[in-house]
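Reading the structure
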Amino acid sequence: QVQLVESGGGLVQPGGSLRLSCAASGFTFSNHGMNWYRQAPGKKRELVATIANTGRSTNYANSVLGRFAISRDNAKNMVYLQMNSLKPEDTAVYYCNVLLPTSSYSGNDYWGQGTQVTVSS
């Protein structure tokens, strides 16, 4: 079955850095784009970054552009989120996500358990 396991969260001071990791299994990792989402208390889950299956194309939310970098290692079935210049408003639970097609028109979303990132002095 599909499994996504995040790690690397924690408490960091404003301006600091963290690197999140997501270990994927149960599907052909190199065939699918991967995403990082986050959800802050009382807010909707938001898309933070996406990466194509080849790793050649990435996209970011405006709020993290220039500070975060998504990457992947298809040999290890891993996706990463390097977070620099962290701000208190980056505090959230961060989730790894993949959408696996079931037909030409639909698919199933899979989520990890999430990893907490807290930015505070």
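The structure we're discussing is the one just above.
Residues numbered from 1 in each chain as written. Predicted model: local features only at pLDDT ≥ 70, side-chain atom pairs only at ≥ 80, totals over all residues. Heavy atoms only, no water.

1. Topic: the side chain of E6
To keep things clear, this is the line we draw: Secondary structure follows DSSP: runs of H or I at least 4 residues long count as helices, runs of E at least 2 residues long count as strands, and numbering of each begins at the N terminus. Categorising residues by exposure relies on relative accessible area from a 1.4 Å probe, with only protein chains included: less than 20% of the type maximum marks a residue as buried, more than 50% marks it as exposed, and the intermediate range marks it as partly exposed. Positive charges come from Lys and Arg, negative ones from Asp and Glu, while His and the chain ends are left out of the count. Each reported salt bridge corresponds to a side-chain nitrogen of Lys or Arg within 4 Å of a carboxyl oxygen of Asp or Glu. Definition of a polar contact: a pair of N or O atoms within 3.5 Å, with one able to donate and the other able to accept a hydrogen when the atoms are protein atoms, and with sequence-neighbouring residues admitted only if both atoms are side-chain atoms. Whether two residues touch is decided by their heavy atoms; if any such pair falls within 4.5 Å, the residues are in contact.
Locating E6 in the fold gives a position in strand β1 (residues 3-7). For the buried E6, no salt bridge exists, and the shortest N-O distance to an oppositely charged side chain is 7.6 Å, to R45. A polar side-chain atom of E6 sits 3.0 Å from the main-chain amide nitrogen of Q113. Within polar-contact distance, the side chain of E6 engages the backbone nitrogen of G114 at 2.9 Å. Filtering out sequence-adjacent residues up to four positions away, E6 remains in contact with S21, C22, W36, Y94, Y95, C96, G112, Q113, G114 and T115.

2. Considerations on the environment of Y95
Inspection of the secondary structure puts Y95 in strand β9 (residues 92-101). Note on Y95: relative accessible area 13%, which makes it buried. Residues contacting Y95, with those up to four places away along its chain left out, are E6, N35, W36, Y37, Q39, R45, W111, G112, Q113 and G114.

3. Some details on the pairing of strand β8 (residues 78-83)
Applied cut-off: For two strands to pair, DSSP has to find at least two bridges joining them.
Within β8, five of the six residues are buried, leaving the element largely enclosed by the surrounding structure. Examined bridge by bridge, strand β3 (residues 18-25) and β8 share six bridges and lie antiparallel to one another. If you follow L18 over to β8, its bridge partner there is M83. Examined bridge by bridge, strand β7 (residues 68-73) and β8 share six bridges and lie antiparallel to one another. Across the sheet, F68 pairs through a bridge with M83, a residue of β8. Hairpin connection of β7 to β8: four residues between the antiparallel strands, including N77 at a positive phi of 55°.

4. Overview of the packing of aromatic side chains
Aromatic ring pairs are reported here in terms of the distance separating the ring centres and the angle at which the planes meet. For clarity, the threshold we go by: Only the six-membered ring of Trp is used, alongside the rings of Phe and Tyr, when aromatic pairs are assigned; centres must lie within 6.5 Å, and planes under 30 degrees apart are stacked while those over 60 apart are edge-to-face, with the rest tilted. In our convention, an over-ring charge means Lys NZ or Arg CZ found within 6 Å of a ring centre and within 35 degrees of that ring's normal.
Applying the stated criterion across every chain yields a total of three aromatic pairs. Ring centres of F27 and F29 lie 6.2 Å apart, and the angle between their planes is 50°; on these two criteria the pair is classed as tilted. Residue F27 is classed as buried on the basis of its relative accessible area, which comes to 13%. Look at F29 and you get buried, because its relative accessible area is 2%. For the ring pair Y37 and W111, a centre distance of 4.9 Å and an interplane angle of 65° mean the geometry is edge-to-face. Of this pair, Y37 sits in strand β4 (residues 34-39) while W111 sits in strand β10 (residues 107-111); the two residues are 74 residues apart in sequence, bridging distant segments of the chain. According to the relative accessible area criterion, W111 is partly exposed, its value standing at 33%. An aromatic cluster is present here, built from Y37, Y95 and W111 joined pairwise through their rings. The residue whose ring lies beneath R19 is Y80, and the NZ or CZ to ring-centre distance is 3.9 Å. The aromatic ring of W111 is capped on one face by R45, whose charged end is 4.4 Å from the ring centroid.

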